[in-house]
Amino acid sequence: MASVNSSSNGFSYLSSTGNKFTGLVSGMDTESMVEKLMKAQSAQMEKLQQQRQKYQWQRDAYRDVNTKLSTFRQNIFDKYGLQNSLSSKSVSVSDNTKLSVTAGPGASGTLSIQGVSQLATSATKNVGLKTSNTQIQAHNTLEELGFTGSVDGKGVAEFEVDGEIQKIEYSKTDTVEQLIGKLKDAGIKDAKLENGQISLGTASVEVKSATAFFNKLGFTISGSTVSSTSKEIKGDFKVGNATTLSQLGLTGEGKVTLNVLQADGKMKKIEVAYDSKDTIESFTKRLNSSGAGVTALFSNGQMSLTANSTGSVSGGAIQVSNDTNGVDGIFQKLGFLTGAKGEIADGNNAKYKVNGLEMESTSNTFTVSGYSVTIKDKFDATTPVTVTSTTDVDAMVDKLKEFVKTYNDLITSLNDKVTEKKYAAYPPLTDAEKAGMSEDQIKKWEEKAMSGLLRSDSIVRSTVSDIRAVVYNTTPGIDEKYNSLFKIGITTTSSYNDGGKLEIDEDKLRAALTSDPDSVTKLFTQTDTGVVAQMRDASKKAIDTIEKKAGKESAVDNQYSMGKQLISLDSKIEDWKSRLKTIEERYWKQFGAMENAIQKANSQSSYFANM
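Fair warning: this is a prediction, and the values are worked out from it, not measured in the lab.

**Quick word on the overall build of the chain**
Looking only at helices and strands, the chain has 15 helices and 26 strands in total. Relative to the compact-globule value of 25 Å for 611 residues, the chain shows a C-alpha radius of gyration of 44 Å, a clear excess of over 25%. Along the first, second and third principal axes, the C-alpha atoms of the chain reach 135 × 100 × 40 Å. Scored against the burial criterion, the 611 residues of the chain give a buried share of 42%. Pairs at least 24 residues apart make up 69% of the contacts formed inside the chain by residues separated by at least 6 positions. Looking at the chain as shown, the accessible area adds up to about 31,500 Å², and 46% of this sits on carbon and sulfur atoms. Each charge class in the chain was averaged separately, 73 positive and 74 negative side chains, and the resulting centres sit 6 Å apart.

The structure is reproduced here in structure tokens:
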């Protein structure tokens, strides 16, 4: 018996290989015969599959064009479409130790900074935090409990624990937490602080020379035996990071509205929630992450609140406008306010004189006449600082050379698409053809098959034409001497083979920039009608047209015309697959019937031969 095997190259046109047993009677290679028949029948489906592959390649080629156009649109806007990105000014400052100055594209004239009497500072306020008759905490010091120590704030306590004499040395600067650690080291293993009480656990402690020591910790001494748990220790203790807002006298939950001066000179309102269970540490974190524009710090019992921006404003740069706890509000309990709302702190504005005019700003950096000036320190009017600027022609020439390169790169890539050689003899490979080729052979074939997909394409050719036309278009509202690219020395090359690439007459461009830099800048940057705007419009027109035809990466096939063609081809291919399956089954049945007929004839011949 012989089973049907797949073709030698690993590809078969048969859908049911491996489960047919034929040629048992006739001795014919029926698998090969059906394979050849199915290959002929599959030709039409393969043409559809090749057509589908070509559509996919062409769609991707269009999308590649759109990627280039989109990148071009963004780049020319970012680099050459805004006055401050294209225009270049060089600035001269008579004393760089006092001022730092940059010249914007609109900088003009001469500034004389005739003294700085005041620098801008941030609003800030520091307060010392105190608890009010609250329970002792682990961070509180022995000094806060009344310990002074016998010598230099230090002392020694001697006691007996479970029959063993122990001695510890302590200092008034020790925290309660550190003291408990020393007690544990001295054999009182279960010593701890809980709810304002110090517990010695089950240890049996006898006083030797430590009566005052244990009394200050709140313990009762009966005879010489120390009670296992001290009395609740309360007082006005120093505040630490772990101190809760409730220990500052706050109750319940609340919300406070902060108004803070921002870098743009405007006030910003932010509502900050708080809870009496919050610690000082967690509340400062809430403030710092609230987005209000403040920085809260806590250290050594002191808390500060500082505006992140400088400047002064009526009512204060840091204000509280509302607190849901009213007169028991958070900032009153912290000591920043005497009431539930009002000014916490205010900063200072910078004050200076420019060309004889008294001015002030919330920041030490200010803009005047197109110059951005940063004050480094105060100085008096006897030593004014002079600021001047000139157009940096070299920098602008370099910028426009970059523009020309960006333009030429796009035009070259588009021209390459519409002039790329097309290899008609290299259609997309079928699966059967690929099965008989190496990876390198497939790669080389498909390089030719994918070449020329957009050759002479009307959309791409029209795009090149529209963008090239901008070179000779005029921009209204500009001196006629400089209202077009070719008038400032930027023209297409004389070689037809360059396909409309630009070149620069540098002498002519420098002369235009020297004579009227503002007009040259407007030629590129003018909204809606400038060179950049016109080229962006031409590119957008092409992008929209291509998207209607080839879609974009995120589009589904039924949203663009080529996608609908792909859907139609997929449907036809699936129909063919079903049809071919039916045809193949018919062939197998016909060959099976032939085998049965031959077997029957052989049986009859054998019968008559034996008569």
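**Remarks on the nonpolar core**
Grouped together as the largest cluster of nonpolar side chains are 66 residues, with contacts concentrated most on F403, L485, I488, F524 and M535. Every element with two or more residues in this core is listed here: α1 (30-41), α2 (43-80), α8 (393-419), α11 (458-469), α12 (506-515), α13 (517-525), α14 (531-550) and α15 (561-609). Not counting chain neighbours up to four residues away, the residues in contact with I488 comprise Y482, K508, L509, A512, V520, L523 and F524. One finds L261, F331, F336 and A345 within the second-largest nonpolar core, a separate group that totals 34 residues.

**What about the pattern of salt bridges?**
Where charged atoms from two side chains of opposite charge approach closely, those side chains can pair. Applying the stated criterion to the full structure yields 22 salt bridges. Ionic pairing is found between E271 and K255, a salt bridge with its closest N-O pair at 4.0 Å. Linking E271 in strand β15 (residues 267-275) with K255 in strand β14 (residues 253-261), this pair joins segments that are 16 residues apart in sequence. Taking relative accessible area as the criterion, K255 reaches 40% and is therefore assigned partly exposed.

**A word on helix α4 (residues 176-185)**
The complete set of buried residues in α4 reads V176, L179, I180 and L183. Taken around the axis of α4, the buried residues stretch over an arc of 100 degrees, which confines them to a single face. Exposed residues pointing more than 90 degrees away from the buried face of α4 are listed as E177 and D185. Elements in contact with the buried residues of α4: β6 (154-161), β7 (164-171), β8 (192-194), β9 (197-199) and α5 (211-216). Just downstream of α4, G187 is the residue with a positive phi angle, here 105 degrees.

**With respect to the packing of α8 against α11**
For the pair α8 and α11, interaxial distance at closest approach is 9 Å and the crossing angle is 155 degrees. Classified by the angle their axes make, α8 and α11 are roughly antiparallel. Crossing hand, α8 versus α11: left-handed. Contacts between α8 and α11 involve Y407, L410, I411, L414, N415 and V418 from the first element and V460, R461, T463, V464, I467 and R468 from the second. Among the residues making up the contact of α8 with α11, the classes are represented as 8 nonpolar, 2 polar and 2 charged.

**Comments concerning the packing of aromatic side chains**
Within a pair of aromatic rings, the relevant descriptors are the distance that separates the centres and the angle that separates the planes. Following the criterion strictly, the structure yields 16 aromatic pairs and no others. Ring plane angle 85 degrees and centroid distance 5.1 Å describe the contact between F213 and F214, whose orientation is recorded as edge-to-face. Note on F213: relative accessible area 4%, which makes it buried. Relative accessible area serves as the criterion here: at 0%, F214 is assigned to the buried category.

**Focus on unusual backbone geometry**
Residue D162 is not a glycine yet carries a positive backbone phi of 50 degrees. Relative accessible area serves as the criterion here: at 53%, D162 is assigned to the exposed category. Of note, the phi angle at S369 is positive, near 55 degrees, even though the residue is not glycine. As for its position among the elements, S369 is in the loop between β22 (365-368) and β23 (371-375). Looking at S369, the relative accessible area reads 37%, which means it is partly exposed.

About the cut-offs
Residues numbered from 1 in each chain as written. Predicted model: local features only at pLDDT ≥ 70, side-chain atom pairs only at ≥ 80, totals over all residues. Heavy atoms only, no water. Helix = DSSP H or I, 4+ residues; strand = E, 2+ residues; numbered from the N terminus. Rg over C-alpha atoms; globule rule 2.2 N^0.38 Å. Buried < 20%, exposed > 50% of the residue type's maximum accessible area, 1.4 Å probe, protein only. Contact = heavy atoms within 4.5 Å. Areas by Shrake-Rupley, 256 points an atom, 1.4 Å probe, with all protein chains shown as cover. Lys, Arg positive; Asp, Glu negative; His and termini not counted. Charge placed at Lys NZ, Arg CZ, Asp CG, Glu CD. Core = buried A, V, L, I, M, F, W, Y, C linked by side-chain atoms within 4.5 Å. Salt bridge = Lys/Arg side-chain N within 4 Å of Asp/Glu carboxyl O. Arc of directions from axis to C-beta. Axes fitted to C-alpha atoms, helices over the stretch in contact; angles between N-to-C directions. Parallel < 35°, antiparallel > 145°, perpendicular 65-115°, else oblique. Left-handed = near helix turned anticlockwise from the far one by under 90°. Nonpolar A, V, L, I, M, F, W, Y, C, P; charged D, E, K, R; others polar. Phe/Tyr/Trp six-rings, centres within 6.5 Å; stacked < 30°, edge-to-face > 60°.

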